[in-house]
Amino acid sequence: MSTSMIEITGVTKSFGAFPVLKGITANVNKGEVVCLIGPSGSGKSTILRCINGLESYDGGAITIDGVRVDRSQPSITGIRTAMAMVFQRFNLFPHRTALENVVEGPIFVKKEPAAQAMARGRELLGRVGLGDKVDAYPGQLSGGQMQRVAIARALCMQPKAILFDEPTSALDPELVGEVLSVMKSLAEDGMTMLVVTHEMGFASEVADRVLFLDGGVIVEQGPARDVLGAPSHPRTQDFLRRVL
Ligand code: ADP
Ligand code: MG
């Protein structure tokens, strides 16, 4: 039995003639929280999109719990539902309530009985601190509350891992903490998470490992205390000087 949930081996990808990923090798073990950091344009979102099959890659391999991510194979549907994603912009349906947004995937994609999905959806909204907002529409919620609905929606798919793409970057500063604390509690519960973030406090406190990506290459990776506390590569040092 493999302990690896997400395994990325020598992955390359170009947009036209422009190489974006230049041979990425990394893994996320079951129950592990890995933070992916790096400058804008370094390829962070592209990696996440390749992992859940939103984007194809050119060379190398990605496997999820031992199953290869291949957009030309029927197995891609299972991979998409196994890898939940939380985006910078919450992508909630504006004309559906919080609960309706949360149960959309389980009912319409996974064909789960509605009553069962709704019961779990209510429970998950409670878990992210929104037990009193199940019937609220996105327009009635703050950005932090909308992002917590998006996290409940991801959890309701009962994913093998959750990919977060800068989940707090679009939030007003005073709303960042409530989202990070929900993410921290998921980490404590053993959820496998790959998190693109600029929140170095979160990364140093919660991440088991940190990957620093620059120019389509993983320049440095290791425990948060090493990569963030004592980076060995000049590019990591320079990046951290600018973001901290
Ligand atoms: P990051 O998330 O680290 O900011 P991205 O993965 O979004 O970086 O983008 C990496 C590079 O790929 C950037 O130079 C970006 O402009 C380019 N890129 C991303 N998506 C596309 C696309 N669909 N078509 C062409 N270029 C793209
Ligand atoms: Mg990005």
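Given the structure is predicted, the values throughout are model-derived calculations rather than measurements.

Colleague: Mind showing me how you'd approach the site of ligand 1 here?
Modeller: Around ligand 1, the neighbouring residues are Phe15, Phe18, Val20, Pro39, Ser40, Gly41, Ser42, Gly43, Lys44, Ser45 and Thr46. Backbone polar atom of glycine 43 to an oxygen atom of ligand 1: 3.0 Å apart, as the coordinates give it. Between lysine 44 and ligand 1, the recorded distance is 2.8 Å, taken from a side-chain N or O atom to an oxygen atom. In isolation ligand 1 offers 560 Å² of accessible surface; the protein chains occlude 58% of this area. At the level of secondary structure, the elements contributing two or more residues to the shell around ligand 1 comprise strand 2 (18–29) and helix 1 (44–51). If one sorts the elements of the shell around ligand 1 by residue count, helix 1 sits on top with 3 residues. Split into classes, the residues belonging to the shell around ligand 1 amount to 4 nonpolar, 6 polar and 1 charged.

Colleague: I tried to follow the UniProt feature "domain: ABC transporter" (unreviewed entry) in the protein chain on my own but got confused; where do I start?
Modeller: Mapped onto this numbering, the UniProt entry gives "domain: ABC transporter" (unreviewed entry) at residues 6–240. Taken end to end, residues 6–240 has its terminal C-alpha atoms 26 Å apart, with 38% of it in helix and 26% in strand.

Colleague: Please explain the packing of helix 3 (residues 98–109) against helix 5 (residues 143–156) as it appears in this structure.
Modeller: The axes of two packed helices give the description: the angle between them and the distance between them. At their nearest, the axes of helix 3 and helix 5 sit 8 Å apart, and the two run at 30 degrees to each other. Relative to helix 5, the element helix 3 is oriented roughly parallel. In this structure, helix 3 crosses over helix 5, and the sense of that crossing is right-handed. Between helix 3, through Ala98, Asn101, Val102 and Pro106, and helix 5, the contact on the second element is made entirely by Val149, Ala152, Arg153 and Cys156. Across the contact of helix 3 with helix 5, the residue classes tally to 6 nonpolar, 1 polar and 1 charged.

Colleague: Just checking my understanding: could you explain the environment of valine 86 for this structure?
Modeller: The topology assignment puts valine 86 in strand 6 (residues 83–86). Residue classification places valine 86 among the buried residues on the basis of a relative accessible area of 1%. Here the alpha-carbon distance between valine 86 and phenylalanine 164, two residues 78 residues apart in the chain, equals 4.7 Å. Once residues within four sequence positions are removed from consideration, valine 86 is found in contact with Gln147, Ala150, Ile151, Ala154, Ile162, Leu163, Phe164, Asp165 and Pro167.

Colleague: I would appreciate a short explanation of the sheet that holds strand 7 (residues 161–165) in the present structure.
Modeller: Neighbouring strands of a sheet are bound in pairs by backbone hydrogen bonds; such pairs are parallel or else antiparallel. Across the sheet, which stays open at both edges, the 6 strands sit in the order 6-7-8-3-9-10 with mixed pairing between neighbours. The open sheet has two free edges, formed respectively by strand 6 and strand 10 (217–222), since each of these has just one partner strand. Strand-to-strand twist across the sheet, computed as the mean angle between neighbouring axes with direction ignored, equals 20 degrees. Contacting strand 3 (33–37), strand 7 and strand 8 (193–196), helix 6 (residues 173–188) runs over the sheet at an angle of about 150 degrees to strand 8.

Colleague: How should I be thinking about the sheet that holds strand 5 (residues 67–68) in this particular structure?
Modeller: Taken in spatial order, the 4 strands line up as 2-1-4-5 in an open sheet, and their pairing is antiparallel. Edge positions in the sheet fall to strand 2 and strand 5, since each has one partner strand and no second. Summarising the sheet, strand 1 (residues 4–15) and strand 4 (residues 59–64) pair through 5 bridges and their orientation is antiparallel. Each residue of the ladder has a partner; that of threonine 12, found in strand 4, is glycine 59. Along the sheet, helix 1 makes contact with strand 1, strand 2 and strand 4, crossing strand 1 at roughly 120 degrees.

Colleague: What is the right way to read the confidence of the model for the protein chain from this model?
Modeller: Atom-level detail of predicted coordinates should not be read off regions where pLDDT is low. When the pLDDT values of the protein chain are averaged, the result is 95; 99% of them are 70 or greater. Here the prediction assigns the complex a pTM of 0.96, and the interface score ipTM is 0.97.

Conventions used here
Residues numbered from 1 in each chain as written. Chains lettered and ligands numbered in written order. Predicted model: local features only at pLDDT ≥ 70, side-chain atom pairs only at ≥ 80, totals over all residues. Heavy atoms only, no water. Near = heavy atom within 4 Å. Polar contact = N/O pair within 3.5 Å; in protein donor to acceptor, adjacent residues only side chain to side chain. Areas by Shrake-Rupley, 256 points an atom, 1.4 Å probe, with all protein chains shown as cover. Helix = DSSP H or I, 4+ residues; strand = E, 2+ residues; numbered from the N terminus. Nonpolar A, V, L, I, M, F, W, Y, C, P; charged D, E, K, R; others polar. UniProt positions renumbered as here; feature names shortened; annotations may be inferred. Axes fitted to C-alpha atoms, helices over the stretch in contact; angles between N-to-C directions. Parallel < 35°, antiparallel > 145°, perpendicular 65-115°, else oblique. Left-handed = near helix turned anticlockwise from the far one by under 90°. Contact = heavy atoms within 4.5 Å. Buried < 20%, exposed > 50% of the residue type's maximum accessible area, 1.4 Å probe, protein only. Pairing = 2+ DSSP bridges. pLDDT = per-residue confidence, 0-100.

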